[in-house]
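The primary structure of each chain is shown beneath.
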Amino acid sequence: MEDLSRFKQTYFDESAELLAVAEAGLLRLTPGTADADEVNAIFRAVHSIKGGGGAFGFTDLVAFAHEFETVMDLVRNDAIPITTELVDTLIRANDVLGTMLGYARDEAPVPPGTGDAVADALRRHQSAPPPATDAGPPHNDLDAAFAAAHAAETTHPDDEDDEAGIFGDAMAAILDARNPSAAAAGRQRWTVVFRPRPDLLLSGNEPAFMLRALRRLGEAEVECHLDRLPGLAELDAEQLHLSWTITLLTGPSVDRERIADVFEFVADECDVTITADAPPPAVPDAAAPLPDALRSPSGPSVPAAAAPPPPPATPEPASRPADPAAPRAKPAENGAAQHAGLTSHTIRVDLDKIDRLVNMVGEMVITQAMIAEHVRELPPGEFQELLEGLEQLAQHTRELRESVMSIRAQPVSSVFSRMPRLVRELAGGLGKEVQLVTSGETTEVDKTVVENLVDPLTHMIRNSIDHGLETPEEREAAGKPRTGTVTLSAQHRSGRIVIEVADDGRGINRGRVLAKAVEKGLVQPGASLSDEEIDHLIFLPGFSTAEKVSNVSGRGVGMDVVRRNITSLGGRIGVYSSPGEGSRFVLSLPLTLAVLDGMVISVGEERFVLPLTNIVESLRPKPSDLHGLVNRCDVMMARGEYVRLVHLNRLFGIPGATEDATRALVVLVETEEGARLGLVVDEVLGQQQVVIKSLEANFRRLDGVAAATILGDGRVALILDVAGLRDMSRQGGSAPPRAAAALPAPEPAAV
Amino acid sequence: MHSSTALSNIGSTGGSTGGAAIGAANAHEDQYVTFTVGTEEYGVNILAVREIRGWTPESRLPNLPDYVRGVINLRGIIIPIFDLRARFGGGATEVTKRHVVVVIQVGERTRGILVDAISDILAISQDAIRPPPDLDTGLVDTEYLSGLYTVDNRMVTLLDVQRLFAVEASEEDATQKALPAPDRLS
């Protein structure tokens, strides 16, 4: 359901753009000089709107778009001549299309009769060019109504939450213009004359609120009377000089009392008359836009209806029927207000622009850290205001970074929404009954992370259904419901996104996993492993427990690939399983790829950053822990396991570093493949969030280096690639270029 | 042979940039920023020079020849610094505060060269550029020399920065043929 609405939103956004394209094209159409490209563009726009509308079942819209499209097709084929009158009709048709899209977006039914007049006009064009006089009365009433719609819409920019209501008003005006009696049928029409005393404002009352309250009762048309408005010289801003006549079209549930209730608090300060069953007002007069009337006390001579944008056809509808230029001028003048029915709430932005913004914010983070570092050296107590200012700057910088990152953020629903189909297909293929439960689809994470989640999640869900869940018969035998449940959830947790794939299946069969691992030579026979360690064996490359290889789970390229994908996004994966109850895979991913949690270490004069995701622990080895192996290769006993020591100073040729591992520190790191090694470094300086910078943008890739960053003092530090270091150390210092560094592509565009 | 390719390269540079970017200057003249390394004077086309800045400590890069000093932070982008003295076999420069980095744009890439001091800006007519003599390529790598110019009895060695770096870093640089477009620099 949510899925469909997401596509719908895209459809409406695109339709708004297409309408604008069509309108721009229509306005450029001049009689006799049809630019084929222009006509085609309009045709395509209408066609696309129609096609999408069909997909969502907007039948009225599709029917109307069809008439529109048919005419455009005729124009395209030079079957009918382009006349001013035709262009007018097409522009109005475009407006109607926008109106209908507006209804569709608000999930409101299209009122019967909407666009009929225009549709009729379109049909007439399909047969033969109609006589010019045909564009007479209905034409102008509609124009007036549209003008009213536009005026009402454009002059309510501050009333976003009431937009649907305003739009409803506008549509009521349109309906009334075309068929007053039909529109009024079954409803009650009220005329409310609201004449406040001049001192109403002094008691803290706001007439706009009352008008708004009235509008909630039904479809309201508000006319503002300026007759009591004095000239500018006499005008007292604290006095109220306006009065209103409100024509209210309400449902049967609204009675006189409810209307009177609106004025309950000002009863003593105004004159209100409420009349039922008043005759329908003249539409053009009713178009007086409310806030404009409130805001423009510039003089009694200015009629509210003439406030910008002026609806050209409004003042004298009767005198304009033969003037085809008037309605044509309208869309141009109203400009952006044209598609009052389908205002877009989103903008499309080039990704590069966002990335540039992300980069600039990264600079700010660094600069701010730099200033903070300098300020720390100032004598305490003397620069209190400076310190407070910097504190605020730090706060704002952090917020700015979060806001910018949120622009790149996307909900995970785009990935989650692919899974139901996968589950369905797998369940069918494997003869299992599976129910997929998802939650947290709206959780947002960086676009790149979202895009790279598809494969791992697909693998994991496959894994859960194929390996985790039992057949319905097995489940029944085990006293479980026949239908297995796979749960896919996402949530934010302490600055990361945590995604869980859980099943209520049989859990990891540790005996079989261990046997398999031994069989494959991944574990020494007789080794004693904890349950957790056994569970994590499934992430080893080349491991698969499926008793028969199915085309579903592939050939053991499952979980190790998942793990590699996740770690390449700077994430971690863990598994928790209990036999008979199911397994739970937990992914923890950074919210963004532009910054990284790292540990700053020093070797000699140089400082490096180790991604926190690679670090297991750091320790200072005792001499008894260290052993020489063959030649120059040191190994160390850490937590019952021998790990190879890699001296960063030797590997990178850094002078002045501590050679003796017992006096240095060993940082135990783990590559994405799960291989461990001990990095010998001088010092661990502390944890820090760093902005990832490209080294390749201006130089080239280096072995053992994933990217670079800028530390608080403005100096560059290299971010280490643990897997690369391992390769280098295995080959005596010169590794062949690895296909890809452990880190994702750093900042997309260097400034 | 090397000299002729280098010369034609200069010619094309002058043709594409001379009139448009230097404006009032003679269309056949190019402006060069010259700088010293030890007693020698070198020049690079001013259109390739993005800025000149004082020395700031670099962060070293592992396992690279000594003429790659390391990287510095140039307002948020990370650029490599090449030591011109070391490049010409003079050993690594002992840097002081008076040393300068000439920041150069080569194609899409920005890089810095460490020199002793900036010396001059010269308008050099193409006709006045002499090809480098037929040097022993085993001794001197002439690939990146685009010509020699004499001013006040000083000899200025004009460098083809694009080639200078193409020879240095890696194979991917060699594919970058185009000199920076003038509009990019202005």
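The model shown is predicted, which means the values in this text are computed figures rather than measured ones.

## Here's the deal with the overall build of chain A
Argument step 1. Of regular secondary structure, chain A possesses 25 helices and 22 strands.
Argument step 2. Evaluated residue by residue, chain A yields a buried proportion of 41% over its 751 residues.
Argument step 3. Of all intrachain contacts in chain A linking residues separated by at least 6 positions in sequence, the fraction that spans at least 24 positions is 71%.

## Side note on the nonpolar core
Argument step 1. Among the nonpolar cores identified, the biggest contains 128 residues, and L610, L679, V680, A708, I719 and L720 of chain A together with V71 of chain B are the most heavily contacted of them.
Argument step 2. With residues near it in sequence (within four places) discarded, L610 of chain A still touches G598, M599, I601, I615, V667, V669 and L720 of chain A.
Argument step 3. In terms of nonpolar packing, the next biggest core, distinct from the first, is built from 37 residues, V39, I42, L97 and M100 of chain A among them.

## Digging into the environment of E451 of chain A
Argument step 1. Mapped onto the elements, E451 of chain A comes out in helix α18 (residues 447–451).
Argument step 2. Take E451 of chain A: there are 13 C-beta atoms within 10 Å of it, and that puts it in the partly exposed class.

## Notes on the interface of chain A and chain B
Argument step 1. In this complex, chain A contributes 23 residues to the contact, which on the side of chain B involves 20 residues.
Argument step 2. Within the residue set of the side of chain A that touches chain B, elements represented by two or more residues are α14 (351–375), β21 (705–710) and β22 (716–720) of chain A.

## A look at the confidence of the model for chain B
Residue and element names in this part refer to chain B.
Argument step 1. On average, residues of chain B carry a pLDDT of 74, and 69% of them reach 70 or more.
Argument step 2. Mean pLDDT across the elements of chain B ranges from a minimum in helix α5 (residues 182–185), with 33, to a maximum in strand β3 (residues 49–54), with 93.
Argument step 3. Counting interchain partners and residues more than four positions distant, the pLDDT-below-50 stretch residues 1–25 has 37 contacts.
Argument step 4. The model gives residues 167–186 a pLDDT under 50, and that stretch makes 31 contacts with residues more than four places away or in other chains.
Argument step 5. For this predicted complex, the interface confidence score (ipTM) comes to 0.74, while the overall pTM stands at 0.48.

## Quick word on the sheet that holds strand β1 (residues 188–196) of chain A
Residues and elements named next belong to chain A.
Argument step 1. In spatial order, the strands read β2-β3-β1-β4; together these four strands make up an open sheet with antiparallel pairing. The open sheet has two edge strands, β2 (218–225) and β4 (270–276), and neither has a second partner. Strand after strand, the sheet turns through a mean of 15 degrees between neighbouring axes, direction not considered.
Argument step 2. Pairing between β1 and β4: seven bridges, direction antiparallel. Residue pairing for β4: V192 is matched across the bridge by I274.
Argument step 3. Packing against the sheet, helix α9 (residues 207–217) makes contact with β1, β2 and β3 (243–250), and its axis sits at approximately 15 degrees to β3.

## So, the sheet that holds strand β9 (residues 496–503) of chain A
Hydrogen bonds between backbone groups are what pair the strands of a sheet, and the pairing can be parallel or antiparallel.
All names here are of chain A.
Argument step 1. On the basis of which strands lie adjacent, the open sheet formed by five strands has the order β6-β8-β9-β11-β10 and mixed pairing. With one partner strand each, in any of the chains shown, β6 (434–439) and β10 (572–578) form the two edges of the open sheet. When the angles between neighbouring strand axes are averaged without regard to direction, this sheet yields 15 degrees.
Argument step 2. Two strands pair when backbone bridges link them, and β10 and strand β11 (residues 582–590) are joined in this way by seven bridges, in the antiparallel orientation. Within β11, the residue paired with G574 across the bridge is V586.
Argument step 3. Running over the sheet, helix α19 (residues 454–468) touches β6, β8 (484–493), β9 and β11 and is turned about 25 degrees from β9.
Argument step 4. Across the sheet, helix α23 (residues 559–568) is in contact with β10 and β11; its angle to β10 comes to roughly 140 degrees.

## Things to note about the packing of α14 of chain A against helix α15 (residues 384–408) of chain A
All names here are of chain A.
Argument step 1. Here α14 crosses α15 at 160 degrees, and the two axes come no closer than 10 Å. With respect to their mutual orientation, α14 and α15 come out roughly antiparallel. For α14 against α15, the interelement crossing comes out left-handed. In this structure, α14 contributes I354, L357, V358, V361, M364, V365, Q368, I371, A372 and V375 to the contact, and α15 contributes L386, L387, L390, L393, A394, T397, L400, R401, V404, I407 and R408.

## Notes on α23 of chain A
All names here are of chain A.
Argument step 1. Judged by how many residues are buried, α23 sits mostly within the fold: eight of ten residues are covered.
Argument step 2. Along α23, the residues classified as buried are M559, D560, V562, R563, R564, N565, I566 and T567.
Argument step 3. Where α23 is buried, its residues meet α19, β10 and β11.
Argument step 4. Note on α23: the residue one or two positions beyond its end, G570, has a positive phi of about 80 degrees.

## Focus: the environment of R676 of chain A
Residues and elements named next belong to chain A.
Argument step 1. Mapped onto the elements of the fold, R676 is located in strand β19 (residues 676–681).
Argument step 2. With 33 residues separating them along the chain, R676 and V643 place their C-alpha atoms 6.3 Å apart.
Argument step 3. In this structure, R676 is in contact with V616, V643, L668, V669 and E670, ignoring residues within four places of it in sequence.

## Details of the pairing of β8 of chain A
Residues and elements named next belong to chain A.
Argument step 1. Of the pairings in the sheet, the one linking β6 to β8 comprises six bridges and is parallel in character. Bridging from a neighbouring strand, V437 pairs with T487 of β8.
Argument step 2. Sheet topology places β8 next to β9; eight bridges connect them, and they run antiparallel. Within β9, the position partnered with A490 by the bridge is I499.

About the thresholds
Residue numbering note: each chain is counted from 1, following its sequence as written. Key to labels: chains lettered from A, ligands numbered from 1, both in the order written. Given that this is a predicted model, residues contribute local features only at a pLDDT of at least 70 and side-chain atom pairs are listed and counted only at 80 or more, while totals for whole chains, interfaces and linings are drawn from all residues. Put simply, DSSP H or I for four residues or longer makes a helix, DSSP E for two residues or longer makes a strand, and each gets a number counted from the N terminus. Between the buried cut of 20 or more and the exposed cut of 12 or fewer other C-beta atoms within 10 Å of a residue's own C-beta lies the partly exposed class, and all C-beta atoms are placed from the backbone. Note on contacts: residues are paired as contacts if their backbone-placed C-beta atoms lie within 7 Å. We define a nonpolar core as a collection of buried residues of the types Ala, Val, Leu, Ile, Met, Phe, Trp, Tyr and Cys that are connected via C-beta atoms lying within 7 Å of each other. pLDDT expresses how confident the predictor is about each individual residue, on a scale running from 0 to 100. Here the rule is simple: two strands pair whenever DSSP picks up at least two bridges between them. As a rule, the C-alpha atoms of each element are fitted with a line to give its axis, helices using only the stretch in contact, and angles between N-to-C directions run from 0 to 180 degrees. Any angle between 65 and 115 degrees counts as roughly perpendicular, while under 35 counts as roughly parallel, over 145 as roughly antiparallel, and the rest as oblique. For any pair of crossing helices, the crossing counts as left-handed if the nearer helix is rotated counterclockwise from the farther one by less than a right angle, and right-handed if it is rotated clockwise.

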